[in-house]
Each structure stands twice: as structure tokens, then as C-alpha cells.
Amino acid sequence: MSLESKILFIQSSVDTTLRLILDTNWNSKNKNYRQEIRTFLADKFSSHFSRQQLAELNDLNKRPEASDVFISVSHCGFLGGFALSQFKVGFDAEESSRISEDILKRVCAESELQECPWTEFLWVAKEAGFKALSQADTALVIGDLQCYDWKSYFENQVFSFRLKSKKTLDFGLNKGFIFSEEPCLYGLFFK
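Rules and cut-offs
Residues numbered from 1 in each chain as written. Predicted model: local features only at pLDDT ≥ 70, side-chain atom pairs only at ≥ 80, totals over all residues. Heavy atoms only, no water. Pairing = 2+ DSSP bridges. Helix = DSSP H or I, 4+ residues; strand = E, 2+ residues; numbered from the N terminus. Axes fitted to C-alpha atoms, helices over the stretch in contact; angles between N-to-C directions. Contact = heavy atoms within 4.5 Å. Buried < 20%, exposed > 50% of the residue type's maximum accessible area, 1.4 Å probe, protein only. Expected span 1.5 Å × (residues − 1). Salt bridge = Lys/Arg side-chain N within 4 Å of Asp/Glu carboxyl O.

**So, the sheet that holds strand β3 (residues 80-85)**
Right, on to step 1. Across the sheet, which stays open at both edges, the 3 strands sit in the order β1-β3-β2 with antiparallel pairing between neighbours. A single partner strand is all that each edge strand has here, and the edge strands are β1 (19-23) and β2 (70-75). With direction set aside, neighbouring strand axes in the sheet form an average angle of 15°.
Right, on to step 2. Two strands pair when backbone bridges link them, and β1 and β3 are joined in this way by 5 bridges, in the antiparallel orientation. Note on β3: the bridge partner recorded for Arg19 is Leu84.
Right, on to step 3. Against the sheet, helix α2 (residues 33-44) contacts β1, β2 and β3, and its axis sits at roughly 35° relative to β3.

What follows is the structure, given as C-alpha cells:
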């Protein structure tokens, strides 16, 4: 199953406008990857940004914000990219070999480790959820989020999940997806 087919499945499940743009040139080993992603956003998706938002894309200390879509950026040593959606979205990409069991044990409940199809999924699921749910006025850490309700869409090689927390959060759509394309795992969460 190709990466494009997996993305098409997610688009048909939750957001037909979803765009997931990945590029191996945007990996974290490239010292300019953050600026290159933002330049690409400005060049290819400028209609979604006001003049001020386009100018703010140059400020690497701010998250990219657009007028009519939501954007989430991620990178790893292999590639970088972004998700663009009509819904508040969180996106994470991580090399599966870098996900440590020790870290997972610190940020996951025992029930999560037992219920998840592959424990490595938990890191990208929580990272994607954190990006979609975190706000400046909410003190949220990754360990506050718990993944549950895992479902396998075997024919599409995609897994879905939901999130919960003891903190009062608006989870909105509460739909997350995990898929892989060696050597990376990808997580998307829609609020």
C-alpha cells in the first residue's frame, strides 16, 4: 500500500481537503529545513494567508497560522513536512528506530502500552494529539493524553485512535490516525 493510498484513506475518513506534504530535503539534518518549509507554504499556499500571516511565516519562533486552514509541521532525521487541514490538526513524523521504550513508559499508562497495536505508535499519536490540542492558555504535557479505542484498517495499513485526558479539554472530532512508510511512523490527529 502506497503512502498516497494511506493519505487518501484518511482524507475520505475525516477531511477531503487534507494535504500532507513531505520532503526528504526538509529533514532535521538540513539546518535550513524550517525556513524551507515556510517558504514552500508561502509559495504554494499563499491564498490561505493574510499579508501579516505571510510576513510572520519568517518568524521561526511562531507556529505557522493561516486564515482558513490549520497547519502542523513535523520533521525527523529522514524527512520533514506539514499537514494542512480545515480542522485543527496535529502532525508528527518520527523514525521508528528512535522511539524508546523507556520514554514510552514515562509518558504512557500501562493500559495504553497493553492496548496499543504497536507501542511505537503511542509516541506519534501523542505528539500529533498534543500539537492539535495544546494552546497557550492550557498547561498540557504529552503524558496528560491517553490513547484508546484503537482500530485497524488492515486493507489500508492505517490504524485509528482516540484521545482522553483527566484535564478538561475540547477534543472536537477526536480522530487520530497512525501509518508507516519505512523508516518513518506518521501520526495525524484532528480536533
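Moving on from the model shown.
**Describing the environment of Gly187**
Right, on to step 1. With respect to the secondary-structure elements, Gly187 resides in strand β8 (residues 184-190).
Right, on to step 2. The class for Gly187 is buried, based on a relative accessible area of 0%.
Right, on to step 3. Considering only alpha carbons, one finds Gly187 and Ala128, 59 residues apart in sequence, at a separation of 5.6 Å.
Right, on to step 4. Setting aside residues no more than four positions away along its own chain, Gly187 makes contact with Gly90, Phe91, Asp92, Val124, Ala128, Phe177 and Ile178.

**Some details on the pairing of strand β7 (residues 175-181)**
Right, on to step 1. Examined bridge by bridge, strand β6 (residues 158-165) and β7 share 4 bridges and lie antiparallel to one another. Residue pairing in the sheet places Ser160 in a bridge with Phe177 of β7.
Right, on to step 2. What sits between the antiparallel neighbours β7 and β8 is a turn of 2 residues.

**Focus on the sheet that holds β7**
Through backbone hydrogen bonds, the strands of a sheet pair up, either in parallel or in antiparallel fashion.
Right, on to step 1. Taken together, 5 strands build an open sheet; the order of strands is β4-β8-β7-β6-β5 and the sheet is antiparallel. The open sheet has two free edges, formed respectively by β4 (89-95) and β5 (145-153), since each of these has just one partner strand. Strand-to-strand twist in this sheet, taken as the mean axis angle between neighbours without regard to direction, amounts to 25°.
Right, on to step 2. Strand direction decides the pairing type here: β4 and β8, joined by 7 bridges, are antiparallel. Each residue of the ladder has a partner; that of Gly90, found in β8, is Phe189.
Right, on to step 3. This element, helix α1 (residues 3-13), spans β5, β6, β7 and β8 of the sheet and lies at about 170° to β7.
Right, on to step 4. Of the strands in this sheet, β4, β5, β6, β7 and β8 are in contact with helix α6 (residues 120-133), which crosses β4 at around 150°.

**Looking at α6**
Right, on to step 1. Under the 1.5 Å per step criterion, the end-to-end length of α6 is 21 Å for 14 residues, consistent within 8% with the ideal 20 Å.
Right, on to step 2. Counting buried residues in α6 gives 12 out of 14 residues, a clear majority hidden from the surface.

**Focus on the pattern of salt bridges**
Right, on to step 1. Taken as a whole and assessed by the stated rule, the structure comprises 8 salt bridges.
Right, on to step 2. A salt bridge links Lys62 to Glu56; the shortest N-O distance between them is 3.6 Å.
Right, on to step 3. The salt bridge involving Glu112 is made with Lys126; its shortest N-O contact spans 3.2 Å. Separated by 14 residues along the polypeptide, Glu112 in helix α5 (residues 110-115) and Lys126 in helix α6 bring together distant segments of the chain.
Right, on to step 4. You can call Glu112 buried: its relative accessible area is 2%.
Right, on to step 5. Overall, Lys126 belongs to the buried group, its relative accessible area being 0%.
Right, on to step 6. Each of Asp149, Lys151 and Arg162 takes part in salt bridges that share partners, so that together they form one network.

**Quick look at the pairing of β5**
Right, on to step 1. For β5 and β6, the ladder comprises 7 bridges, and the chain directions are antiparallel. Looking at the pairing, Lys151 lines up with Ser160 of β6.
Right, on to step 2. Between the end of β5 and the start of β6, which pair antiparallel, lie 4 residues, with Gln157 showing a positive phi angle near 55°.

The analysis is restricted to geometry; functional conclusions fall outside its scope.
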